[in-house]
Amino acid sequence: MQVKNISKRLRKVAGFVPQDAKILDVGSDHAYLPIYLIQQGSISSAIAGEVVEGPYQSAVTNVADNQMSDKISVRLANGLAAFDAEDQIDVIVIAGMGGGLIADILDNDSAKLASVKRLILQPNNREDELRRWLCGHNFQITEEAIVEENGKFYEIMIAEQGHQVLNAKQERFGPYLMREQSAVFLDKWQREVDKLEKALAKIPEKNLTERSAMSQKIKQIKEVLHAGK
Ligand code: SAM
């Protein structure tokens, strides 16, 4: 089975994997990402870690079907327990999970990250929580991307060892994303404004505190959107 047609989201994630990196893909349910990277000639081997038995088995099957069992080690493991120092992992990918869960996975074994050069993270939500964790644990965000696929927006962040301080707005909107103001970024936050304005219209006039909190949220987003104009 060829995996060349992986999702636009995963292709974007794959684009941040350096040539010949030694990667661990955490939560690699079908092992699509490592299979794709090997098919592309970007890497020669990888570890695919998966904590749930069913997805682990489908990763094993896909890797075998692609005759890559000698190149991709599929491991049934919780988070960073999937690798040891001898694996010499220098890039960790964690994609397709909540930002809180990604932060927990990193936090549970943070000592192991000392030898890792790059984290490629694609949270499905709570991006601010993940950025906060990274900056509080000696990582700096070096690049960001945002893609839209099937009506959903996905942010991708690249983090490397280093020091960075982000303010609350940068944590929420992404320091690079809010500066670049790409069409996808503007679309994501305009949709959020539309959603919040609909919600505001439903809050009774007498609920002043609730209305004010909602208006404040809308104002913050609009400020970021207008900053690029
Ligand atoms: N990474 C793939 C992607 O982006 O398409 C799969 C995303 S899938 C929604 C999330 C996968 O992560 C699930 O298969 C889940 O079992 C796995 N997972 C969740 N927590 C995990 C953990 N602590 N360690 C390893 N895998 C985990």
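Residues numbered from 1 in each chain as written. Predicted model: local features only at pLDDT ≥ 70, side-chain atom pairs only at ≥ 80, totals over all residues. Heavy atoms only, no water.

- By the naming in an unreviewed UniProt entry, the protein chain is SAM-dependent methyltransferase, taken from Streptococcus viridans.

**What about helix α8 (residues 183–202)?**
Then comes step 1: In a regular helix each residue adds 1.5 Å, so 20 residues correspond to 28 Å; α8 covers 29 Å between its end C-alpha atoms and thus fits that length.
Then comes step 2: For α8, the set of buried residues is Phe185, Lys188, Trp189, Val193, Leu196 and Leu200. One face of α8 carries all of its buried residues, which in axial projection span an arc of 135 degrees. Facing away from the buried side of α8 by more than 90 degrees, the exposed set consists of Ala183, Lys195, Lys198, Ala201 and Lys202. (Helix = DSSP H or I, 4+ residues; strand = E, 2+ residues; numbered from the N terminus. Expected span 1.5 Å × (residues − 1). Buried < 20%, exposed > 50% of the residue type's maximum accessible area, 1.4 Å probe, protein only. Arc of directions from axis to C-beta.)

**A word on the domain arrangement of the protein chain**
Then comes step 1: Structurally, the protein chain comprises domain 1 (6–162) and domain 2 (184–225).
Then comes step 2: For domain 1 and domain 2, the distance between their C-alpha centroids amounts to 33 Å.
Then comes step 3: Contact with domain 2 buries area across many residues of domain 1, yet Ile146, Phe153 and Glu155 alone supply 79% of it, more than any other trio.
Then comes step 4: Where domain 1 meets domain 2, there are two residue pairs in polar contact (both at pLDDT 80 or more). (Domains from an automatic or database assignment. Buried area = accessible area lost by both parts, 1.4 Å probe. Polar contact = N/O pair within 3.5 Å; in protein donor to acceptor, adjacent residues only side chain to side chain.)

**A look at unusual backbone geometry**
Then comes step 1: The phi angle at Asp20 is positive, at roughly 65 degrees, despite the residue not being glycine.
Then comes step 2: Here Asp20 is to be found in the loop between α1 (8–14) and β1 (23–26).
Then comes step 3: Taking the relative accessible area as the measure of exposure, Asp20 reaches 54% and is therefore exposed.
Then comes step 4: The phi angle at Asn138 is positive, at roughly 65 degrees, despite the residue not being glycine.
Then comes step 5: Under the relative-accessibility criterion, Asn138 is labelled partly exposed at 48%.

**Considering the site of the ligand**
Then comes step 1: Contacts to the ligand come from 17 residues, most closely from Arg9, Gly27, Glu50, Asn78 and Gly79.
Then comes step 2: Taking Glu50, its side chain carries an N or O atom lying 2.6 Å from an oxygen atom of the ligand.
Then comes step 3: Taking Gly79, its main chain carries an N or O atom lying 2.8 Å from a nitrogen atom of the ligand.
Then comes step 4: Mapped onto the shell around the ligand, the elements with two or more residues apiece are α1, β4 (91–97) and α4 (99–108).
Then comes step 5: Ranked by residues supplied to the shell around the ligand, first place goes to β4 with three residues. (Near = heavy atom within 4 Å.)

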